Structures are given as C-alpha cells and as structure tokens.
Amino acid sequence: MAVLIDLCMSAKLESLGRLIGSLSNCAKAQGFEQGKISSMELAAEEALVNIFRYAYPEAPGDVEMICKLEGDRFTIEIIDSGIPFDVTAMPDPKVAGGVYDREPGGLGIFLMQKVMNEVRYRRENDRNILTLIIQKD
Amino acid sequence: MKIDATKEGNAVVMSLKGRLDAAASSEFETRLSDCISKGDSNFLLNFTDLEYISSAGLRSILTTSKKLKEVNGKIVLAGLHGPVEEVFKISGFISIFRVFGTPEAALKEI
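Residues numbered from 1 in each chain as written. Chains lettered and ligands numbered in written order. Predicted model: local features only at pLDDT ≥ 70, side-chain atom pairs only at ≥ 80, totals over all residues. Heavy atoms only, no water.

## Describing the packing of aromatic side chains
Here is step 1 of the chain: Here the structure, examined in full by the defined rule, presents 4 aromatic pairs over all chains.
Here is step 2 of the chain: Plain terms: the ring middles of Phe47 of chain B and Phe88 of chain B are 6.0 Å apart, the flat faces sit at 50° to each other, and that makes the pair tilted. On the criterion of sequence distance, the pair formed by Phe47 of chain B in strand β3 (residues 42–53) and Phe88 of chain B in helix α3 (residues 82–91) is long-range, its members being 41 residues apart.
Here is step 3 of the chain: Using a relative accessible area of 0% as the deciding quantity, one classes Phe47 of chain B as buried.
Here is step 4 of the chain: Its end group placed over the ring of Phe32 of chain A, Lys136 of chain A keeps NZ or CZ at 5.3 Å from the ring centre. (Phe/Tyr/Trp six-rings, centres within 6.5 Å; stacked < 30°, edge-to-face > 60°. Helix = DSSP H or I, 4+ residues; strand = E, 2+ residues; numbered from the N terminus. Buried < 20%, exposed > 50% of the residue type's maximum accessible area, 1.4 Å probe, protein only. Lys NZ or Arg CZ within 6 Å of the ring centre and 35° of its normal.)

Encoded structure:
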C-alpha cells in the first residue's frame, strides 16, 4: 500500500487550506474524478474542523493526515492526540423539517459518512485515528 | 472565496465564487450580518460560481435564515450545481429554502 501523503500540522483552522489542497492534488494525480475529489475534500474538512474545534481544549495540539492508495481504494487517515472522540458513535441529526426544526450540530459527521464508502474509528496509544475510505469506480 | 454583493430592487444579491468552507464561512456570516444591521432583509445567494460547500457554510446560512425570520426577511438560493447541490440534498437543506435554477429566475419571484 503506497503512502502518498504524510502531513503533520497544528490543529488550527489556518491549516485547513494546506491539508485539503494537498489531499486534492494527490487524488487528482491518482486519477480520481472531480466528484470523488469533492467528496474526499468534504469528509476530510469535516473531520479536521471537528479536531480544530474540540480535540484540544486545554493546550494546542497537532493533527496528522496520511493518504494511501490500496488498489482502487483511497484511504485518508486523520490522527490527533486530543480527547477521545468517536465520530462513528454520534447520532444522526434530523434531516427533515424547516428552518426552526434544524439544529446546526452533527451535520459535519453525517455528511462525512454519506459521501465516503467507509468511515472507521479506533483509539490507539492515546490517539484518535479516523479512517475515511473512498473507491475509484 | 470571493463575495460580490449588489442591490436589485429590495433584495441583496450575494454572489459567491470559489469555496465556502470553514475558513470562509465566518467572513460570509459577517458580511450577511453587516447587511442585516443596515436594514437589508431579503437575500438572494447566487451559487453559480460556488464550487464547494461544507457544513460550516450550511450552518452560516441556517443561522442567518433564523435571524431573518424574526424580521420577516428571507434567503433564497440560485445556481446550485455539482457538489454544492449534492450537499444541499444530502443534508435536507434543499427543502428548507426556495431554490431557483438561475439568479434571473429568482429575481422575478422575490
């Protein structure tokens, strides 16, 4: 399995552009079509922004993004050493209803799961490891 | 992301160009807020040149929309396409707002 990107940056909003830009260029170079690239960008952004906002309440921390290609599956691993947070355990937001029925929370995780083929979480050595997988076809 | 705002009748037309991601959404929300505090309450968001939106972008539109309901104002959308349209559909936000194919069609109605 080829590691295509391994980037470590501080877990702040300012890092978003560089992380997503690298991801996007990499996926393009691997021949993924624009629709899939947009899905990867969305899922990665949602995961990263959750980390920027919530992972490190006490002191600043880092986030690592590792992209790999395994056959026709593109894998994005997003790793932080912040507080334990399993995105796969969150309940879905309500997606029906008008303006007053909708709450802003939970939407990012929901979108992430909808646009990727697989989303996996594990906690290992005091780190959250989120794996996002999308297929080429 | 680039934001162009023009006045058409009693509506502010905000044309977004580029990506409405988490980094761009607070500036966007501030621009909307500034217009509202000047008394504008009808907005057409023109997404013809918008390539991408994330939940942060959706959230800023939802928050602004709730504020506007209190002053009997509204937001309508036009020009959704590609990943932006997809995100609006998946999230259910496409049912919350009036959506037009083109800004011209929207301006005839509002």
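## Details of the packing of helix α2 (residues 34–55) of chain A against helix α3 (residues 107–115) of chain A
All names here are of chain A.
Here is step 1 of the chain: Two elements in contact, α2 and α3, have axes separated by 9 Å at closest approach and are oriented at 150°. α3 is crossed by α2, and the crossing has left-handed handedness. Facing α2, whose interface residues are Ser39, Leu42, Ala43, Glu46, Ala47 and Asn50, α3 presents Gly108, Ile109, Leu111, Met112 and Val115. (Axes fitted to C-alpha atoms, helices over the stretch in contact; angles between N-to-C directions. Left-handed = near helix turned anticlockwise from the far one by under 90°. Contact = heavy atoms within 4.5 Å.)

## Notes on the nonpolar core
Here is step 1 of the chain: Judged by nonpolar contacts, the single largest core of 72 residues is most densely connected at Phe74, Ile76 and Ile78 of chain A together with Phe47 and Phe88 of chain B.
Here is step 2 of the chain: When residues in this core are grouped by element, the largest group, 11 residues, is from α2 of chain A.
Here is step 3 of the chain: In this view, Phe47 of chain B contacts Leu16, Ile61, Leu77, Ala78, Gly79, Leu80, His81, Val84 and Phe88 of chain B; residues no more than four positions away in its chain are not counted.
Here is step 4 of the chain: The next biggest cluster of nonpolar side chains, apart from the first, holds 6 residues, and it includes Val13, Leu44, Ala78 and Phe100 of chain B. (Core = buried A, V, L, I, M, F, W, Y, C linked by side-chain atoms within 4.5 Å.)

## Observations regarding the pattern of salt bridges
Here is step 1 of the chain: Under the defined criterion, the tally for this structure stands at 10 salt bridges over all chains.
Here is step 2 of the chain: Between Lys2 of chain B and Asp4 of chain B there is a salt bridge, and its shortest N-O distance comes to 3.2 Å.
Here is step 3 of the chain: In this structure, Lys89 of chain B engages Glu85 of chain B in a salt bridge whose closest nitrogen and oxygen atoms are separated by 3.6 Å. Highlighted residues: Lys89 of chain B and Glu85 of chain B, both in helix α3, separated by 4 residues, approximately one helical turn.
Here is step 4 of the chain: What you see here is one network of salt bridges that share partners, running through Lys68, Glu77, Arg122 and Glu124 of chain A. (Salt bridge = Lys/Arg side-chain N within 4 Å of Asp/Glu carboxyl O.)

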